[in-house]
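This is what each chain is made of:
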Amino acid sequence: MEILKIEHLKKSYLIERAFEKPSEVEAIKDLSFTLHKGKTLGLVGESGCGKSTLAKILTGLETKSAGNILFRGKELAHYSKAERIKLIQMVFQDPYQSLNPRKSAFEIIADPLFINEPNLKNSEIKERVYSTMQDVGLDQTLSHRYPHQFSGGQRQRLGIARALMLRPELLILDEPVSALDVSIQAQVLNLLVDLQRKFNLTYLFITHDLSVVSFMSDDILVMNRGLCAEYGSKENIIFNPQNEYTKLLLKSSPGAN
Amino acid sequence: MNLLDVKNLHLNFNTEHQQTLSALRNVSFHLNMGETLGIVGESGSGKSLTNLAIMGLLPDNAKVMADQLTFEGRDLLSMNEAQKNQIRGKKISMIFQDPMSSLHPYLTIETQLTETMLAHLDISAKDASLHAIELLEKVGIKDPLKKLKTYPFELSGGMAQRVMIAMAISTQPKLLIADEPTTALDVTIQKQILDLLKELQIKNNMALMLVSHDLGLIAEYSERIQVMYAGEIVEARSKQDMLNKALHPYTEGLLKSRPTLYSDKSKAELYSISGIVPTLSNRPQGCQFAPRCHLKKDHCEKTSFAQTMHNKLSREQDIDKIAGHVFCLERTLRNEV
């Protein structure tokens, strides 16, 4: 089932300088893709290619300049903010900076509920926090601890738990393992696969690491300078790339050969 | 004589609370002229501290002890600052992880590039500038004359790292330590930078210590690989041997847990090492890896294998035998080594 369909998306920023006419920079020039329920789309590209801009537009932190974003057939902008928050959630790259250091693990995970589901009783909130902590492999006795008392991998688990609290359909994972050590990366990737199966989640997985993306994805979209360089099934992109830029990425990827 | 000899290096930190934390233990390795040694380890494994100990750049509360720490046969430990300055930047150079924060934001590329040369070589400012242009050309920067007058913020990450490399090779060092030189860069730029380092190494017959957390990257660019874990070397062998069959359970885990282009979530889940790297104040008694190891036996928690192996092998008086060894007693006892 189609869950997200993006057609000819465009995003440009105005650069304003003193004494000069404002100039336009196109972060995303023309992007189209489809995301199916329960599947993972891997988004690969180097810094500045527009992948984070796309994530910002989908989470509502930026507005698009042109094109259509259809979520379950309805334009994303026509959903209310409260509705959108419950549909699309995000896990950030750096687990050291994306958690509030002054809040305990419990408060961090429960925050989305406090804000978006004010009618819940305290006991219900507690129950949901503890069950989500269990889902991401955190012991509930750790709930009173603060972010600095967790390791990098545990912190990323906290970030994932927070994103799962409102039971979203689409999870945007922006380089979720690139700040982690190799031995911890595997733990978190396995967890993400388990969660996807358990809750039938849809992932938009943003990364620059081709090995990670080929493990996680069903489809892959390669972006270059705001344009789609290549889009197709994982097998085609990794083992039979057509685009020169995709070939260059594959050749540069260490240990790939 | 080796270019660099490190035998039984120990590093302790004295804390404010009269505590002594042991950061490196029994670290022994050597490096020949023109050779590449890859050092792999996760954060907290001691790979950067090893480099800083060689360069003499550790803070005051660090205590370095070693049976031997020599560069070109000269003892680095007994040198005073002035003598160290004769070697640092001239014979041993270093490239750091983040080029943007290693360059001075207020000074032009020219000032920063010529500074090293003026300090170490007997040349005039004019000659140094001319040499700087040559260097920028060598590291593949187009229009070097114009780039000399620019400031770091005007350069991209890849360009800035090229400038760092130009600076590091300006005195034709014998040893170049590259500490995660490409971690902050994109993959296509990463390949360009490492290819450039390799090329310069061959041209200048320079020894290269390549430090990274990425075993795949290290394997592509070095002849010998040394894996570090929690302040100890756990396995040090030639690249072929290690990739054919990793002997230490930690190396084995590192190799297996990295996804490849062929791995697929629907076929099998990724191999993962459970647990985390012990922190400096929380290091176990015996084998550092024992709490996370699937081969763990009772004796693993009691004996420090690095120490045992060191004692056993140093009796043989042959550093090469240590350098080609695995510090896992459990596997040794089971005759798997």
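Keep in mind that what you see is a predicted model, and the values were worked out from it rather than measured.

Moving on, we get to the packing of helix α9 (residues 244-252) of chain A against helix α8 (residues 187-204) of chain B. Each packed pair of helices is defined by two parameters, the angle between the axes and the distance between the axes. For the pair α9 of chain A and α8 of chain B, interaxial distance at closest approach is 8 Å and the crossing angle is 55 degrees. The angle between α9 of chain A and α8 of chain B places the two elements in the oblique class. Where α9 of chain A crosses over α8 of chain B, the handedness of that crossing is left-handed. On α8 of chain B, the residues touching L248, L249 and S252 of chain A of α9 of chain A are V187, T188, Q190 and K191 of chain B. Its residues placed into classes, the contact of α9 of chain A with α8 of chain B shows 3 nonpolar, 3 polar and 1 charged.

Here we take up the interface of chain B and chain A. Residue-level contacts link 29 residues of chain B with 28 residues of chain A. Those elements that provide at least two residues to the side of chain B that touches chain A are α8, α9 (215-221) and α11 (249-257) of chain B. Here the residues of the side of chain B that touches chain A are counted per class, giving 10 nonpolar, 10 polar and 9 charged.

On to the domain arrangement of chain B. Residues and elements named next belong to chain B. Domains assigned within chain B are domain 1 (4-91 + 171-333) and domain 2 (107-170). Computed over C-alpha atoms, the centres of domain 1 and domain 2 are 31 Å apart. Listed as interface residues are 16 residues of domain 1 and, on the opposing side, 14 residues of domain 2. Looking at the side of domain 1 that touches domain 2, the element that brings in the most residues is α8, giving 7 residues.

Residue and element names in this part refer to chain B. The interhelical angle for the contact between helix α4 (residues 109-120) and helix α7 (residues 157-169), taken along N-to-C directions, is 25 degrees, at an axis separation of 8 Å. With respect to their mutual orientation, α4 and α7 come out roughly parallel. For the crossing formed where α4 meets α7, the hand is right-handed. Across the interface between the two elements, I109, Q112, L113 and T116 from α4 touch V163, A166 and M167 from α7. Split by residue class, the contact of α4 with α7 holds 5 nonpolar, 2 polar and no charged.

Before going further, it helps to spend a moment on the nonpolar core. The biggest cluster of nonpolar side chains holds 151 residues, and the ones touching the most others in it are L204 of chain A together with L175 and M209 of chain B. If you tally residues by element for this core, the top one is α7 of chain B, at 9 residues. Counting contributing residues, this core receives three or more from each of domain 1 (4-91 + 171-333) and domain 2 (107-170) of chain B. If we ignore the near neighbours within four places in the chain, the residues touching L175 of chain B are L3, L4, L31, K91, I92, M206, A207 and M209 of chain B.

What counts as what
Residues numbered from 1 in each chain as written. Chains lettered and ligands numbered in written order. Predicted model: local features only at pLDDT ≥ 70, side-chain atom pairs only at ≥ 80, totals over all residues. Axes fitted to C-alpha atoms, helices over the stretch in contact; angles between N-to-C directions. Helix = DSSP H or I, 4+ residues; strand = E, 2+ residues; numbered from the N terminus. Parallel < 35°, antiparallel > 145°, perpendicular 65-115°, else oblique. Left-handed = near helix turned anticlockwise from the far one by under 90°. Contact = placed C-beta atoms within 7 Å. Nonpolar A, V, L, I, M, F, W, Y, C, P; charged D, E, K, R; others polar. Domains from an automatic or database assignment. Core = buried A, V, L, I, M, F, W, Y, C linked by C-beta atoms within 7 Å. Buried ≥ 20, exposed ≤ 12 C-beta atoms within 10 Å, placed from the backbone.

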